[in-house]
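# Chains, contacts and geometry: an overview
Here is how the chains run, residue by residue.
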Amino acid sequence: MTVCSVRTMSSARRLRPVWADATPEPGATPHQPTLDDLGTPLSDVTFVVVDLETTGGTPADCAITEIGAVKVRGGEVLGEFQTLVDPGGPVPPFIQVLTGITTTMLIGAPPIEEVLPSFLEFSRGTVLVAHNAPFDIGFLKAAAARTGHAWPGNKVLDTVRLARRVVTRDEVPNHKLSSLAALFHATVTPNHRALADAQATVDVLHALLGRLAPLGITHLEDLATATDPVPEDVRRKRTLADGLPDGPGVYLFRGPGDEVLYVGTSTTSLRKRVRSYFTSAEKRGRMIEMVRIAHRVDPISCATPLEARVRELRLIAAHSPRYNRRSRFPERMPWVRLTAEPYPRLSVVREVKAGDGATYIGPFASATTAQLALEALHETFPIRQCTRRLPVVAPAGASACVLAEMGRCSAPCVGDAPEYAGVVEAVRHAMLDNADPVVGAHAHRIDALVDQERFEEAATVRDRLGAFLRGAARAQRFAPLAACSELVAARRTDDGGWELVLVRFGRLAGTARVDRRTDPRPAIATLQASGEHVDAAVAPAPAAHPEETDLVITWLDQPGVRLVEVSSTWAHPVRSAQRLRDPAAAVATALRPVEPFEVHPVEARGERPPVVLTGALDDADARVLPTTSVRQPRTA
């Protein structure tokens, strides 16, 4: 007696569903995209529609009694799989009544250990389909785990979820297989036997895909989001992603009058990124609104992910799309300036000017943040806060303001220019080289406020310190690159090739990619010869959008990046604000107690003794001590 049968059919049953033949709409422009452009058409996908009969509802304490499956592609049935399975125990009476499968029928049937390998081979490389898939696939996975077989990870499609998407309750009272089979006039009536139910599910699947086709569900990749609660007018526009390249680049959504509505980027696949706008993955209301009025997506392919990110920033700055909220107005990013007048002061400005002799930090995200950084410097140093221009020599009878009486201003308006020059130099040093005085002053202020439980004021002081550290760190990062006329760097790619980057005055002037079999040196020479000409920048402001320079520096900081050529020194101060950009960590470090060090003479041995530095010393404290060694204090 043969209880397990597998039939292969080349022409036994041929069904040509609606979605298998796509007819272009009248007036549509003929277009023949490649399979790589669109994905896998549903007519080329091999489905295995499976149905199980079991002894109960949970795989933990129940077993499979029958497996039925139909392999189908493009409406053509390629094969069928059917077998009874010995569950290893009796079939409950109510299951016998429901399915007609009795305990006697299963005597001599193969156990699941023998059946499962055959089914896994039958369904290898296909998309599994089931009506209420979690039930059937759950039993199959549990059986694979019990028998020691690795689950192959087939994609799974649930016809119940598809039916809930396109079949209304006005058409059927429920979404049971019997109801859907009657609605779509299936050629086989489901009867709670595995193969018959699988055959009925095939007809239901084809009918559901036919209803989904007008909604833009025509490819395998579309099925992953077919059941998402996406408005139909949004889902229909997913064809805007057809033909987009599968690589890094920038995309522009265009609306009426070819207006650029939105600029975005993808560092992996433009097509997949744009498709996500038509699925439930996109939850931003303004993006759904944008998609509704968009009529075209223009792609710009890029050689590298860095180029894609930089192009996105430049296009946003150029077009100021109404649905982009960041990076639209780089000229509005403010700086904090220490002026170069006889008695310098601090101010917030919109640009860095050449030849004015001033000192700058920034740029800041907003004028509010820049003002916080300015206040941090005022809280630390007694630099004047008045805005009027002071004479070089104070007039007779001049009097100082109240800030001088409070000790918060050096009062250059009444004289003592040397003292004020020292204050200005300390401010400049904190802005450019060493942020420790600012950190220390704010750390002790925060500590005192916390002791008094004035936490809101402490948070304000922390915000001022954080704004200053971010602005100073950014300027210290930008300045060396903004002064560098040319820098060439390279980084290994995952496939063994090279990603090449050309930077001029902080602006990305060119990028290229070569494979592992190509010598990168000729490509570097070509990149230097054909790279964008960039006018010299006014450091610390780079010759690019500040966020573009941030992207370039982040790329250069990656592990594995190699400098090929650099036209000038590229370095940062050792004690710069870059190491203290987190205000909480900076405050904690400033308040941490430092153990004192004990210095002992060393006997002369006719040679220079080694220097041993231990304890809480940082790089800047390490000094050459030719006749001393430094040790931690001894404990009793």
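The text that follows walks through the structure, step by step, so that each part is easy to find. (Residues numbered from 1 in each chain as written. Predicted model: local features only at pLDDT ≥ 70, side-chain atom pairs only at ≥ 80, totals over all residues. Heavy atoms only, no water.)

### A few points about the overall build of the chain
What counts is decided by this rule: Numbering goes from the N terminus for both helices and strands, where a helix is a DSSP run of H or I of at least four residues and a strand is a run of E of at least two. Buried, partly exposed and exposed residues are distinguished by accessible area as a fraction of the type maximum, computed with a 1.4 Å probe on protein chains only: under 20%, between the cut-offs, and over 50%, respectively. Any two residues having at least one pair of non-hydrogen atoms within 4.5 Å are treated as being in contact. For the area figures, the Shrake-Rupley method with a 1.4 Å probe applies, and any residue is considered shielded solely by the protein chains shown.
Helix and strand content of the chain: 20 helices and 18 strands. Expressed as a percentage of the 636 residues in the chain, the buried residues total 49%. For the chain, the share of sequence-separated contacts (at least 6 apart) that also reach a separation of at least 24 residues comes to 67%. Within the structure as shown, the chain displays about 31,600 Å² of accessible surface, and the carbon and sulfur contribution to it stands at 53%.

### With respect to the packing of helix H12 (residues 305–319) against helix H19 (residues 546–556)
Our working definition: What counts as an axis is a line fitted to C-alpha atoms, over the stretch in contact for a helix, and the angles between N-to-C directions run from 0 to 180 degrees. Roughly parallel here means an angle under 35 degrees, roughly antiparallel means over 145, roughly perpendicular means 65 to 115, and every remaining angle is called oblique. When residues are grouped by polarity, Ala, Val, Leu, Ile, Met, Phe, Trp, Tyr, Cys and Pro land in nonpolar, Asp, Glu, Lys and Arg in charged, and all others, Gly among them, in polar.
Contact geometry of H12 with H19 gives a least axis separation of 9 Å together with a crossing angle of 170°. Taken together, the axis directions place H12 and H19 in an arrangement best described as roughly antiparallel. Counting all contacts with H12, which are made through Leu306, Arg309, Val310, Leu313 and Arg314, the residues of H19 involved are Glu547, Glu548, Leu551, Val552 and Trp555. Residues that form the contact of H12 with H19 fall into these classes: 6 nonpolar, no polar and 4 charged.

### Side note on the pattern of salt bridges
What counts, and what does not: We define a salt bridge as a contact between a side-chain nitrogen of Lys or Arg and a carboxyl oxygen of Asp or Glu at a distance within 4 Å.
Evaluation of the coordinates by the stated rule reveals 26 salt bridges. Note that Arg124 is salt-bridged to Glu121, the shortest N-O span being 2.9 Å. Ionic pairing is found between Arg507 and Glu532, a salt bridge with its closest N-O pair at 3.0 Å. Here the residue Arg507 occupies a position in strand S15 (residues 507–514), and Glu532 occupies one in the loop between helix H18 (520–530) and H19, the gap between them amounting to 25 residues. The class of Glu532 is partly exposed, set by a relative accessible area of 29%. Salt bridges sharing partners connect three or more residues here, namely Arg254, Asp258, Arg296 and Asp298.

### A few points about the sheet that holds strand S11 (residues 346–349)
The strands making up a sheet associate through hydrogen bonds between their backbones, and the pairing can be parallel or antiparallel. Put simply, the rule reads: Strands qualify as paired when DSSP identifies two bridges or more between them.
Spatial strand order, S11-S10-S12: 3 strands in an open sheet with antiparallel pairing. Looking at which strands have only one partner, the edges of the open sheet turn out to be S11 and strand S12 (359–361). Mean inter-strand twist for the sheet, computed between neighbouring axes without regard to direction, equals 30°. Sheet topology places strand S10 (residues 335–338) next to S12; 3 bridges connect them, and they run antiparallel.

### What about helix H7 (residues 194–212)?
For clarity, the cut-off: For a helix, the expected span equals 1.5 Å multiplied by the number of residues minus one.
For H7, built from 19 residues, the straight-helix expectation of 27 Å at 1.5 Å per residue is met to within 8% by its first-to-last C-alpha distance of 26 Å. Across the 19 residues of H7, 18 count as buried, placing the element largely inside the fold.

### Structural notes on helix H3 (residues 112–122)
The criterion, for reference: Taken from the helix axis, the directions to the C-beta atoms give the arc we talk about.
Within H3, the full set of buried residues consists of Ile112, Val115, Leu116, Phe119, Leu120 and Phe122. Take H3 and look down its axis: the buried residues cluster within an arc of 155°, on one side only.

### As for the nonpolar core
Using the following cut-off: Among buried residues, the Ala, Val, Leu, Ile, Met, Phe, Trp, Tyr and Cys ones that are joined through side-chain atoms within 4.5 Å form a nonpolar core.
In terms of nonpolar packing, the biggest core is built from 41 residues, with Leu346, Phe468 and Leu469 touching the most fellow members. Going through the elements one at a time, S10, helix H13 (367–380), helix H15 (417–432), helix H16 (436–451), helix H17 (455–482) and helix H20 (583–591) are the ones with two or more residues in this core. In terms of residue count, the dominant contributor to this core is H17 (9 residues). Counting residues in hydrophobic clusters, the runner-up holds 31 residues, among them Phe47, Ala207, Leu212 and Leu220.

### A few points about the pairing of S10
By the alternation rule, side chains of S10 split into Trp335 and Arg337 and Val336 and Leu338, which are all buried. One ladder, built from 4 bridges, connects S10 with S11; its direction is antiparallel. If you follow Leu338 over to S11, its bridge partner there is Leu346.

### Re the packing of H17 against H19
The packing of two helices is summarised by the inter-axis angle and the distance between the axes. Relative to each other, H17 and H19 sit at 80°, their axes nearing to 11 Å. In terms of orientation, H17 and H19 fall into the roughly perpendicular class. Of the residues in H19, those touching H17 at Arg474, Arg477, Phe478 and Leu481 are Pro546, Glu547, Thr549, Asp550, Val552, Ile553, Thr554 and Leu556. Of the residues assigned to the contact of H17 with H19, the class counts are 6 nonpolar, 2 polar and 4 charged.

### A word on the environment of Gly471
Residue position: Gly471 is located in helix H17. Judged by its relative accessible area of 1%, Gly471 falls in the buried class. Separated by 111 residues in the primary sequence, Gly471 and Tyr360 place their C-alpha atoms 9.3 Å from one another. Ignoring anything within four residues of it in the chain, the contact list for Gly471 reads Ile361, Gly362 and Phe364.

### Here we look at the packing of aromatic side chains
Cut-off, in case you're wondering: Stacked, edge-to-face and tilted are the three classes for Phe, Tyr and Trp ring pairs, Trp counted by its six-membered ring, which pair at centre distances within 6.5 Å; planes under 30 degrees apart are stacked, over 60 edge-to-face, the rest tilted.
Scanning the model with the defined rule gives 8 aromatic pairs in all. Judged by centre distance (5.9 Å) and plane angle (90°), the ring pair of Tyr251 and Phe253 falls under edge-to-face. Note on accessibility: Tyr251 and Phe253 belong to one class, buried. Aromatic side chains Tyr262 and Tyr277 sit 6.2 Å apart centroid to centroid with 65° between the ring planes, which places their arrangement in the edge-to-face category. Of the two residues, Tyr262 is situated in strand S8 (residues 260–266) and Tyr277 in the loop between helix H10 (270–275) and helix H11 (285–293); the sequence distance between them amounts to 15 residues. Pair check on accessibility: Tyr262 and Tyr277 agree, each one buried.

### Some remarks on unusual backbone geometry
In this structure, the amide linkage connecting Gly362 to the following residue, Pro363, adopts the cis form with an omega of 0°. The backbone phi angle of Asn132 is positive, close to 65°, even though this residue is not glycine. Note on placement: Asn132 falls in the loop between strand S5 (127–130) and helix H4 (133–147). Even without being glycine, Glu453 reaches a positive phi, approximately 60°. Along the polypeptide, Glu453 turns up in the loop between H16 and H17.

### Points about the sheet that holds strand S9 (residues 296–301)
Taken together, 3 strands build an open sheet; the order of strands is S8-S7-S9 and the sheet is antiparallel. Whereas interior strands pair on both sides, the edge strands pair on one side only; in this sheet they are S8 and S9. Neighbour-to-neighbour, the strand axes of this sheet turn through a mean angle of 20°, independent of strand direction. Of the strand pairs in this sheet, strand S7 (residues 249–254) and S8 are connected by 6 bridges, and their pairing is antiparallel.

### Focus on the side chain of Asn324
Considering the arrangement of structural elements, one finds Asn324 in the loop between H12 and S10. Dropping the residues within four chain positions of it, Asn324 is found in contact with Leu261, Tyr262, Val263 and Ile316.

### Quick look at the environment of Val574
With respect to the helices and strands, Val574 occurs in the loop between strand S16 (561–566) and H20. With a relative accessible area of 62%, Val574 lands in the exposed category. For the pair Val574 and Asp433, spaced 141 residues apart in the sequence, the C-alpha separation amounts to 7.8 Å.

These figures capture arrangement, not role.
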